[in-house]
Structures are given as structure tokens and as C-alpha cells.
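# Structure assessment
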Amino acid sequence: MSVSRPADDAGIRRLGELAFAAGNAAAIQTATRLKIPDLIDDKPVPVEELAQKTGLDPHLLYRLLRALTTYGVFEEVGERTFAHTEVSLPLREDSPDGIRNLILWIGAPWTWQAWPRLEEALRTGKSVIPGVYGKEFYDYLREDAPDDEQLFARAMTDSSARSSHVVAQTLDLSGVGRVVDIGGGQGLLLRSLLDRFPDLRGALFDFEQVVAGAHEDLKDGGRLASRTGIVPGNCLESVPVEADVYILKNLLDWPDESSRTVLRNITASAPRGARVIIIDSLVDAHPDEMRITTTLDLFLLMNVGGQKHGLAGFDKLFAETGIETLSVQTVPGTLPLLHIVEGGLHRG
């Protein structure tokens, strides 16, 4: 078969959709910022009413909504009148799915400066952010883009809230004395684990400014405070916590040298027989999931020089840091689909 054979119409159309994907992303992010999903309630709304509430020209707003309907985001149920679909409902502020902040974070202003430099990232294997803003990614957020930093924090909190309960139901920590959640943020996963296993004690380990915002149930005077330790620190420097199980959820997305440093810091503190549990999405999972995770992989390359891993990648990180891979299982009902990769330490 000749590789130069003409493409069929479907192939050309698909390429066109992919080439215009940036426009689709901008459209959904703009509608979300305008709170169009919140303005459409349980009954269809004419575009003129939506335009009045957003301060936009009705015809121009109609063009935005018309574009989104072609991808199933909203439905035009009458002439210039729009209703929700199962795709637009999660964009509401009151949606239990909590994906609104993530959609806005993916379209934060810095991303539109970074994506055109993808080729640079592919050639160097490093973040492009210093070349754009003159500083590393997290320094840029903290110093120059505090609104984006807060949006990132909200998006990560929403993501944890969506997945913590189902992860806790999937993990079997029966008989475990103490667990530490490294980079655990506000401690939503730790809270769910402590609720499920009443004999379990836990530690929340993250930067000092992060654990200061730990869930009230975990803090002094909180419902779970007697079983919780709040430990500030930087896992790239040390993990000064002794536990039976060390959990790293969506954490090892840095360059591999940083991931190896964290795992080595764990093995330096962990007792014999301790378990290390990575909870993350995989780039070599189901093809439908790969559409998200493989693009996220490129996203991480550009902003921090990081990556998502496949199972072989986690196996390699474990082997390089003295950890034996023990098991792999899927966490149902998560987006993107999460996997639990468990390793064990046999150091004396």
C-alpha cells in the first residue's frame, strides 16, 4: 500500500478538527468564564437573555454557543434557544463533578504562551516556562500569577475531592498501623482513608503553606485530629516520617531524577516491609484514556519538564530506588482513570 495514497473525506475532516482544537478549547473555556452553564438552568434559555446577563451582543454570543453545540456542549432546542447536555452540566459551579476549575486551569493565560513552544520542549526535554517568563513554573505562578496559582489549587482540590472516596474504597489498608500521604494537599484522601479504617493512623506531608490549609477534620480539635499528624516539609529534601504505607497520588509527574529523589527519600526513612503506593493515571492505559493522558504528558513536559508514566515507567523508577513492584489495580469511576501501583521494601 502506498503511503502517499489520498486521504478519505473522514480522515481530512478529522485532521481539520484536530488542527482547530485550540479554538474549541478557547470556546469552552470562554463559555465557562462567562458562566453560561450557570445561567442555563433546568429549562432552555434564549440567547438574547443570556446576552443581556453577560453584557454581550446576542449575535456574537450565538456564534460561540453554535460552535459548542457541534461538539455536544449545549443543545439548540429552538431558534437561538439553548439547553444543557450531559457535557455542559459539569461546567456549572454547583456541579458535584467539580471539573469547572480544571477546565479553566487548562486554559489559563500562561498555557497559550507555552503550547507554541512544544517543539522546543521536544528538542530539549525541558520546561519552556523559563524562556517565556524568565523563571521556573511554580515561581512564576507564586510571584507573577497569583490568580492562576489559586485556580490551580482549586482545580487540584476538586480533583482530589472527586477521587478520594473511590480511591479509599479501592485501597485495602486492613491491618496497617500508619499511613503517610506525601504531597497530600488538604488531606482529603487521608481523611477518607481514616474514615474507612478506624484503627488507622495517618500523617499528612506537604509544604508548610499547603498543610496550613489542611481539612478541619485533621487539624487540632478536628474529628480525626487524634489519629492524624500534620508534617510540613519538602519531599525532594527528605521524608522524615516512619510509616507502614507511603502514598504518592498524582505526585511523580516531575522529571525522573526528581521522582527518583522522592522515592529514595522514602526508602531512607521507611522500615523494613513498608509499602509504597503510587496512585496515578497511565499513558499506556485504555485508548480512550490515552487521549487525555498523552496530551497531559506533553502539558507537563512544557510546564515543568515532567511526564506521565506508563506501567513500565513506574516499574523502572521502583527498580532504580530499591522497591519491588507488587501489584497493579484500576480505580473505577475516576477521570482520567487512576491506577494503583504498589511496591514493597525489603531493606534490612
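Residues numbered from 1 in each chain as written. Predicted model: local features only at pLDDT ≥ 70, side-chain atom pairs only at ≥ 80, totals over all residues. Heavy atoms only, no water.

### Observations concerning the packing of aromatic side chains
A complete count under the given rule lists 10 aromatic pairs for this structure. When the ring of Trp-110 is compared with that of Phe-137, the centres are 4.8 Å apart and the planes differ by 65 degrees; the resulting orientation is edge-to-face. Taken together, the positions of Trp-110 in helix 7 (residues 109–114) and Phe-137 in helix 10 (residues 137–144) put the pair 27 residues apart, joining distant regions of the chain. Neither residue differs from the other here; Trp-110 and Phe-137 are each classed as buried. Residues Phe-137 and Tyr-138 carry aromatic rings whose centres are separated by 5.1 Å and whose planes lie at 70 degrees to one another, so their mutual orientation is edge-to-face. For Tyr-138, a relative accessible area of 42% puts it in the partly exposed group. Every member of this aromatic cluster is reached through a ring pair, and the members are Trp-105, Trp-110, Trp-115, Phe-137, Tyr-138, Phe-152 and Phe-299. Here the guanidinium or amino end of Arg-80 rests over the ring plane of Tyr-62, the centre of that ring lying 4.9 Å away. (Phe/Tyr/Trp six-rings, centres within 6.5 Å; stacked < 30°, edge-to-face > 60°. Helix = DSSP H or I, 4+ residues; strand = E, 2+ residues; numbered from the N terminus. Buried < 20%, exposed > 50% of the residue type's maximum accessible area, 1.4 Å probe, protein only. Lys NZ or Arg CZ within 6 Å of the ring centre and 35° of its normal.)

### Some remarks on the pattern of salt bridges
With the rule as written, the count across this model stands at 22 salt bridges. Here Lys-35 makes a salt bridge to Glu-93, at a shortest N to O gap of 3.6 Å. Of this pair, Lys-35 sits in the loop between helix 2 (21–33) and helix 3 (36–39) while Glu-93 sits in the loop between strand 3 (81–83) and helix 6 (100–106), and the two are 58 residues apart along the sequence. The structure contains a network of salt bridges with shared partners spanning Lys-135, Asp-139, Arg-142, Glu-143 and Asp-144. (Salt bridge = Lys/Arg side-chain N within 4 Å of Asp/Glu carboxyl O.)

### Re the pairing of strand 9 (residues 324–331)
Summarising the sheet, strand 9 and strand 10 (residues 338–344) pair through 7 bridges and their orientation is antiparallel. Following the sheet pairing, Val-331 is matched in strand 10 by Leu-338. Between strand 9 and strand 10, which pair antiparallel one after the other, the connecting turn spans 6 residues, and Gly-333 there sits at a positive phi close to 75 degrees. (Pairing = 2+ DSSP bridges.)

### A closer look at the sheet that holds strand 10
Read from one edge of the open sheet, 7 strands run 6-5-4-7-8-10-9, paired in mixed fashion. Looking at which strands have only one partner, the edges of the open sheet turn out to be strand 6 (228–232) and strand 9. Between one strand axis and the next, the sheet turns through 20 degrees on average, direction left out of account. Here helix 14 (residues 256–269) sits on the sheet and contacts strand 4 (178–182), strand 7 (245–249) and strand 8 (275–280); the angle it forms with strand 7, its principal contact strand, is near 165 degrees. (Axes fitted to C-alpha atoms, helices over the stretch in contact; angles between N-to-C directions. Contact = heavy atoms within 4.5 Å.)

### Re the packing of helix 14 against helix 16 (residues 311–320)
A pair of packed helices is characterised by two quantities: the angle between their axes and the separation of those axes. At a minimum axis distance of 9 Å, the contact between helix 14 and helix 16 shows a crossing angle of 50 degrees. By the angle between their directions, the pair helix 14 and helix 16 is classed as oblique. The handedness of the crossing between helix 14 and helix 16 comes out as right-handed. Residues Asp-256, Ser-259, Arg-260, Leu-263 and Arg-264 of helix 14 lie in contact with helix 16, whose contacting residues are Leu-317, Phe-318 and Glu-320. Residues belonging to the contact of helix 14 with helix 16 are distributed by class as follows: 3 nonpolar, 1 polar and 4 charged. (Parallel < 35°, antiparallel > 145°, perpendicular 65-115°, else oblique. Left-handed = near helix turned anticlockwise from the far one by under 90°. Nonpolar A, V, L, I, M, F, W, Y, C, P; charged D, E, K, R; others polar.)

Such coordinate-based values are descriptive only and should not be taken to indicate function.
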